[in-house]
Amino acid sequence: MHKWVLPFLLLFLLACGLFAPVQASADSAKVYIVPIEETVEDGLYAFLKRAIAEAEENKAKAIIFRINTPGGMVDSAWKIAKLFADTDIKTIAWVDNHALSAGAYIALNAEEIYMSHNATMGAAAIIDQQGNAAGKKAQSSWQAAMKAAAEQNGRDPKFALAMTDENNSLDEYGAGQGKLLTLTEKQALQAGYSEGTVKDQKDLLHTLKYDDADVRHINESFAEKAARFLTNPVVIPILLTVGCIGLVIELFSPGFGLPGLTGLASLFLFFYGHLVAGLTGYESLIMFVLGIALILLELIVPGGVIGAIGFASIIGSLFIAGENNTHMALSILIALAVSLTVSILMVKVFGKQMKFFKRMILTDSTNSENGYVSNINRLELIGRTGVAVTPLRPSGIAFIDEERIDVVSEGSFIAPGVEVKVVKTEGSRIVVRELKKNEEG
């Protein structure tokens, strides 16, 4: 009987060997690595919101945000900072290259910061849409936010303030008067703005004692990448401008063709990006479609009221889709100004040269060279003779070249049966004179 004991014992040990690693992996801590790259905007916020929610759902031990960004929208950075504050999961910022401007603010909101070799963090001055320094009110608010982000995680706020204000100089860190502070990985470690410098992801996990962790990466989907591009502050005015130009050209063209399709596609891309980013619901799209329908109805039922309501509906839908009303107002103004300018240039400058715009512009002129005349000018009758059929007082009828013609005398009365001669034609006005006996026909 004991001859079966050895095989069963071997099978038992084999089973333990097979399932032990699976069990160990299941019990290991889950660590998520999430990239923060390119421009900080609302599309990035939507992606990070999904990533943190997934990490929370799977009870992650920590989230490592791999940061490499030049900065971006302040409003988006504030919302991302709130995501960090609202989660119970440990947040770790890994500055793998650059964390500048809004990127520095995001990093400061993490509980711990680690930096790669040659990485930098700072230069967080707030600027407006034109690239100029923002107003004092906006600057004060931003400086307060940077200071609070530093203080809440035990960091000296003077460095955060030096990143935002060139007047807060720190000569020992290379930020003299008139220069914004940008920390290298060594300076950040010295200032207490970094917990350590790492070579790569493996080194970071080892430093954090997550060597045996269940590391999971969350990357942007295609739709999220598209949404980030379409909600970029630079792309939004371009989409609105192309949309306006396409619809304006279509209004002046017969039928519905490429300009109209291009315009509608640009505007629907605008709404698609904001829908995927979670910045708006379908109500804004419905409102936009309703506005287009009212404008088309205005072409059938003139009056102006329906068209005005439709235009207001379209503008309102754009504001509902975009959370930042100031930026949206600026984008709409840019789109309207550029589309109006381009439309004028197309009509005035390129209209006669480009075949496409000949459909929109009447280039023919009603001149005699092109065969256009207001009345038939009977020049061939000059010098011809005939007979007055009716009395000419001064107008009447004469029989000339076997044709009854309405004529007018030069002013004198001409009796019926008297011979007359055509001396002038002015359109439909044919002037005759009594033919004297000594005149030749």
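As shown above, the structure is provided for reference.
Below you will find a few notes about this structure.

### As for the sheet that holds strand β12 (residues 419–426)
Thought 1: Spatial strand order, β9-β10-β11-β13-β12: 5 strands in a closed barrel with mixed pairing. The average angle at which neighbouring strand axes cross in this sheet is 55°, direction not considered.
Thought 2: Here strand β11 (residues 403–409) pairs with strand β13 (residues 429–434) via 2 bridges, running parallel. Counted as the bridge partner of V408 is V431 from β13.

### A word on the pairing of β13
Thought 1: Taken together, the 6 bridges between β12 and β13 define a ladder with antiparallel strand orientation. Bridge pairing links E426 to R429 in β13.
Thought 2: Hairpin connection from β12 to β13: 2 residues lie between these consecutive antiparallel strands, with G427 at a positive phi of about 65°.

### Some remarks on unusual backbone geometry
Thought 1: For the peptide bond that leads from R393 to P394, omega is -5°, which places it in the cis range.
Thought 2: Position of P394 among the secondary structure elements: in the loop between β9 (385–388) and β10 (395–400).
Thought 3: Within the chain, K209 stands out as a residue other than glycine whose phi angle is a positive 65°.
Thought 4: Here K209 shows up in the loop between α8 (201–207) and β8 (214–217).

### Thoughts on the nonpolar core
Thought 1: L48, F65, F84, M121, M163 and Y193 are the most contacted members of the largest nonpolar core, which has 54 residues in total.
Thought 2: Beyond its immediate sequence surroundings of up to four residues, L48 is in contact with V34, P35, I36, F65, I80 and L83.
Thought 3: Ranked by size, the runner-up nonpolar core spans 18 residues in total, among them L267, I292, I314 and I332.

### A closer look at a nonpolar patch on the surface
Thought 1: A contiguous nonpolar surface patch, about 250 Å² in accessible area, is contributed by V234, I238 and V242.
Thought 2: Relative to the assigned elements, V242 resides in helix α10 (residues 235–251).
Thought 3: What makes V242 partly exposed here is its relative accessible area of 32%.

### Thoughts on the pairing of strand β2 (residues 62–72)
Thought 1: Two elements, strand β1 (residues 30–40) and β2, share 9 bridges in a ladder whose sense is parallel. Opposite I36, over in β2, you have I67 as the bridge partner.
Thought 2: Here 7 bridges tie β2 to strand β3 (residues 90–100), and the two strands are oriented parallel to one another. Paired with I67 across the bridge in β3 is V95.
Thought 3: In this fold, β2 hands off to helix α3 (residues 74–86), which returns the chain to β3; that crossover is right-handed.

### With respect to the pattern of salt bridges
Thought 1: By the definition in use, this model includes 11 salt bridges.
Thought 2: As a salt-bridge pair, R66 and D96 come within 2.5 Å of each other at their nearest N and O atoms. Separated by 30 residues along the polypeptide, R66 in strand β2 and D96 in strand β3 bring together distant segments of the chain.
Thought 3: Ionic pairing is found between R384 and D401, a salt bridge with its closest N-O pair at 2.3 Å. With R384 in the loop between α14 (325–348) and β9 and D401 in the loop between β10 and β11, this pair connects stretches of sequence that are 17 residues apart.
Thought 4: Residues participating in the shared-partner salt-bridge network are E37, R66 and D96.

### Section: the environment of A398
Thought 1: If you trace the backbone, A398 turns up in strand β10.
Thought 2: Looking at A398, the relative accessible area reads 0%, which means it is buried.
Thought 3: If we skip the residues at most four places from it in the chain, A398 touches V387, A388, V389, E403, R404, I405, V407 and V420.

### Description of the packing of aromatic side chains
Thought 1: On inspection of all chains with the given rule, the structure shows 7 aromatic pairs.
Thought 2: Pairing F65 with F84 gives two aromatic rings, centres 4.4 Å apart and planes at 20°, and the pair type is stacked. Here the residue F65 occupies a position in strand β2, and F84 occupies one in helix α3, the gap between them amounting to 19 residues. Of the two residues examined, F65 and F84, each falls in the buried class.
Thought 3: Considering the side-chain rings of F270 and F271, the 5.1 Å spacing of their centres and the 85° angle between planes classify their relative orientation as edge-to-face.
Thought 4: The buried category is assigned to F270, whose relative accessible area is 0%.
Thought 5: A relative accessible area of 1% places F271 in the buried class.

Analysis parameters
- All residue numbers here refer to positions counted from 1 along the written sequence of the relevant chain.
- In keeping with the model being predicted, local features are shown solely for residues with a pLDDT of at least 70 and side-chain atom pairs are shown and tallied solely at 80 or more, while totals for entire chains, interfaces and linings include all residues.
- Values shown for side chains rest on all heavy atoms present in the structure; no hydrogens or waters enter the calculation.
- For two strands to pair, DSSP has to find at least two bridges joining them.
- Under the DSSP-based scheme used, a helix requires at least four consecutive residues in state H or I and a strand at least two consecutive residues in state E, with every element numbered from the N terminus.
- Angles shown run from 0 to 180 degrees and are taken between the N-to-C directions of axes, each axis being a line fitted to C-alpha atoms and, for helices, limited to the stretch in contact.
- In plain words, nonpolar cores are sets of buried Ala, Val, Leu, Ile, Met, Phe, Trp, Tyr and Cys residues tied together by side-chain atoms within 4.5 Å.
- Whether a residue is buried, partly exposed or exposed follows from its accessible area with a 1.4 Å probe, protein chains only, as a fraction of its type maximum: under 20%, in between, or over 50%, in that order.
- Contact criterion: two residues are considered in contact whenever any of their non-hydrogen atoms come within 4.5 Å of each other.
- The patches reported here contain residues having more than 30% relative accessible area and no salt bridge. Joining distances are 9 Å for like charges and 5 Å for nonpolar side chains (Val, Leu, Ile, Met, Phe, Trp, Tyr).
- For every accessible area listed, the method is Shrake-Rupley and the probe measures 1.4 Å; residues are considered covered only by the protein chains on display.
- Salt bridge, as used here, is a side-chain nitrogen of Lys or Arg placed within 4 Å of a carboxyl oxygen of Asp or Glu.
- A clockwise path from the first strand over the helix to the second, with the strands pointing away from the viewer, defines a right-handed crossover.
- Pairing of aromatic rings covers Phe, Tyr and Trp, the last counted by its six-membered ring, and requires centre-to-centre distances within 6.5 Å; plane angles under 30 degrees mean stacked, over 60 mean edge-to-face, and any other angle means tilted.

All we've got here are geometric facts, nothing functional implied.
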